[in-house]
Amino acid sequence: MAADTISSEPGPCESLRIFGAVLQGFRERADLTQEAFARRVRYSVHFVASVEQGRRLPPARFVERAEEVLDAFGILQKAAHRVTRQPGLAAWFRQWAGLEELAISLYTYESRLIPGLLQTEAYARTLFENRVPPLSDEQVDAQLAARQERQQLPRDRPNTAFSFILEEHMLLRRTGGAETTRGLIDHVLEVNAMRNVEVQVMPLAREVHSGLNGPMQLLETPENRWFGYVEGQETGQLISDPKTISVLQMRYAKLRSQALTPEDSVGLLRQMRGAL
């Protein structure tokens, strides 16, 4: 799977639902609508609703701001410590997913599968339905819901810069068939049209580039601290060591210069779409 690989036993998360209910109770006690509360904690209304419904892991910064705004006597922070799972997300990915919620920039290079943030439902369903060992219908639905929830990030965080570098061959594989690939390319072009998103394609004609060691992700927090993430089969590694981060940043910077420009990438994507 790609960097947001999903566990085979996601299941509902009782601790997330409990935290969401506690948060909602304190918000209503303060006589705040979701819209008013969202403005005060500086998160989107959609994000607040997702947390209250138990569908999204509350990051530490959100909990701290909620405590301050709602005067919650430390109860929200204590409840947050009990939150142990995020529905549909693999254990090794949850910490990175929490950092994604705060990032002011997020860079992704992928050579295996289209990144989860850019996938369509049809493409993601193809991946989940062909997973080994097989998933049940309920597990597939749970994982799709988790992925679709994360895909709101570019829209929820318009001030966050998202950069994606995609290998051309991932689209040439036609995962899910021609119709699914057409829909996928259309979706990538649609997301790329957003001001905070930039998609570049690494063409097959580029025989050698700086990403041959494998996929990677980088993000920057509001405190200007950088983290990296790499993933293998059934495992993932969060990277915070400055020396390693520096190496990944150099590689990603080189990748951006080696890939097609954003404009040429759009041209290639449209050409591939027309050839299907």
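Starting afresh in each chain, residues are numbered from 1 along the sequence in its written order. Note on the predicted model: pLDDT of at least 70 is required for a residue's local features to be given, and 80 or more for side-chain atom pairs to be given and counted; whole-chain, interface and lining totals, by contrast, use all residues. Heavy atoms from the whole structure form the basis of all side-chain values; hydrogens and water molecules are not counted.

A. Just the overall build of the chain, in detail. The way it works is that DSSP assigns letters per residue, a run of H or I at least four long becomes a helix, a run of E at least two long becomes a strand, and they are numbered from the N terminus. A count of helices and strands for the chain gives 13 helices and six strands. Taken over C-alpha atoms, the radius of gyration is set against a globule rule of 2.2 Å times the number of residues to the power 0.38. Whereas a compact globule of 276 residues would reach a radius of gyration of roughly 19 Å, the chain reaches 19 Å, a difference of no more than 12%. With respect to the principal axes defined by its C-alpha atoms, the chain has extents near 60 × 40 × 30 Å. Only protein chains enter the accessibility calculation, which uses a 1.4 Å probe; a residue whose area is less than 20% of its type maximum is buried, one above 50% is exposed, and one in between is partly exposed. Per-residue burial for the chain yields a buried fraction of 53% across its 276 residues. The criterion used for residue contact is that any of the two residues' heavy atoms lie within 4.5 Å. For the chain, contacts bridging at least 24 residues in sequence account for 76% of all contacts bridging at least 6. Calculation of accessible area relied on Shrake-Rupley with a 1.4 Å probe; when residues are assessed, cover is drawn exclusively from the protein chains displayed. If you sum the accessible surface of the chain, you get close to 13200 Å²; carbon and sulfur atoms cover 49% of it. The centroid of the 33 positive side-chain charges in the chain is displaced by 3 Å from the centroid of its 35 negative side-chain charges. Neither His nor the chain termini are counted; the positive set is Lys and Arg, and the negative set is Asp and Glu. By convention, the point assigned to a charge is CZ for Arg, NZ for Lys, CD for Glu and CG for Asp.

B. Quick look at the nonpolar core. Ranked by size, the top nonpolar core spans 34 residues in total, and within it Trp 96, Ile 114, Phe 164 and Leu 166 carry the most contacts. Counting residues per element, the ones that place at least two in this core are α6 (94-100), α7 (121-129), β2 (161-167), α10 (169-172), α11 (178-192), β3 (197-202), β5 (226-232) and α13 (262-275). At five residues, α11 tops the list of elements feeding residues into this core. Beyond its immediate stretch of four places on either side in the chain, Phe 164 contacts Thr 108, Pro 115, Leu 117, Leu 118, Val 197, Glu 198, Val 199, Gln 200 and Tyr 252. Core analysis: the next-biggest nonpolar cluster, separate from the first, contains 21 residues, Phe 19, Leu 32, Val 41 and Leu 102 among them. The definition of a nonpolar core used throughout is a set of buried Ala, Val, Leu, Ile, Met, Phe, Trp, Tyr and Cys residues joined through side-chain atoms within 4.5 Å.

C. View of the sheet that holds β3. One open sheet accounts for six strands, arranged β3-β2-β1-β4-β5-β6; its pairing is mixed. What marks the edges here is a single partner per strand, and that holds for β3 and β6 (235-239). Across the sheet, the mean angle separating the axes of adjacent strands is 15° when strand polarity is ignored. The pairing of strand β4 (residues 216-220) with β5 spans four bridges and is classified as antiparallel. Note on β5: the bridge partner recorded for Gln 217 is Tyr 229. Docked against the sheet, helix α12 (residues 242-258) engages β1 (105-110), β2, β3, β4, β5 and β6, running at close to 105° with respect to β4. Note on pairing: DSSP must find at least two bridges between two strands before they are called paired. Convention adopted: a line fitted to C-alpha atoms gives each axis, helices being fitted over their contacting stretch, and angles between N-to-C directions are expressed from 0 to 180 degrees.

D. Focus on the environment of Leu 118. Counting through the fold element by element, Leu 118 comes out in the loop between β1 and α7. A relative accessible area of 0% means that Leu 118 is categorised as buried. It is 24 Å that separates the C-alpha atoms of Leu 118 and Ser 136, two residues lying 18 residues apart in sequence.

E. A look at α7. Of all the positions in α7, only Tyr 123, Ala 124, Thr 126, Leu 127 and Phe 128 are classed as buried. Packed against the buried residues of α7 are α8 (137-150) and α11.

F. Region of interest: the packing of α11 against α13. Running from N to C, α11 and α13 point in directions that differ by 155°, and their axes come no closer than 9 Å. When the interaxial angle is binned, α11 and α13 end up roughly antiparallel. Between α11 and α13 lies a crossing of left-handed hand. From α11, Arg 182, Ile 185, Asp 186, Val 188, Leu 189 and Asn 192 reach across to α13, where they touch Val 266, Leu 269, Arg 270, Met 272 and Arg 273. Taken together, the residues that form the contact of α11 with α13 break down as six nonpolar, one polar and four charged. Here the angle decides the label: under 35 degrees means roughly parallel, over 145 means roughly antiparallel, 65 to 115 means roughly perpendicular, and every other value means oblique. In a left-handed crossing the near helix is turned counterclockwise from the far helix by less than a right angle, and in a right-handed crossing that turn is clockwise. For this classification, Asp, Glu, Lys and Arg are treated as charged, while Ala, Val, Leu, Ile, Met, Phe, Trp, Tyr, Cys and Pro are nonpolar and the rest, including Gly, are polar.

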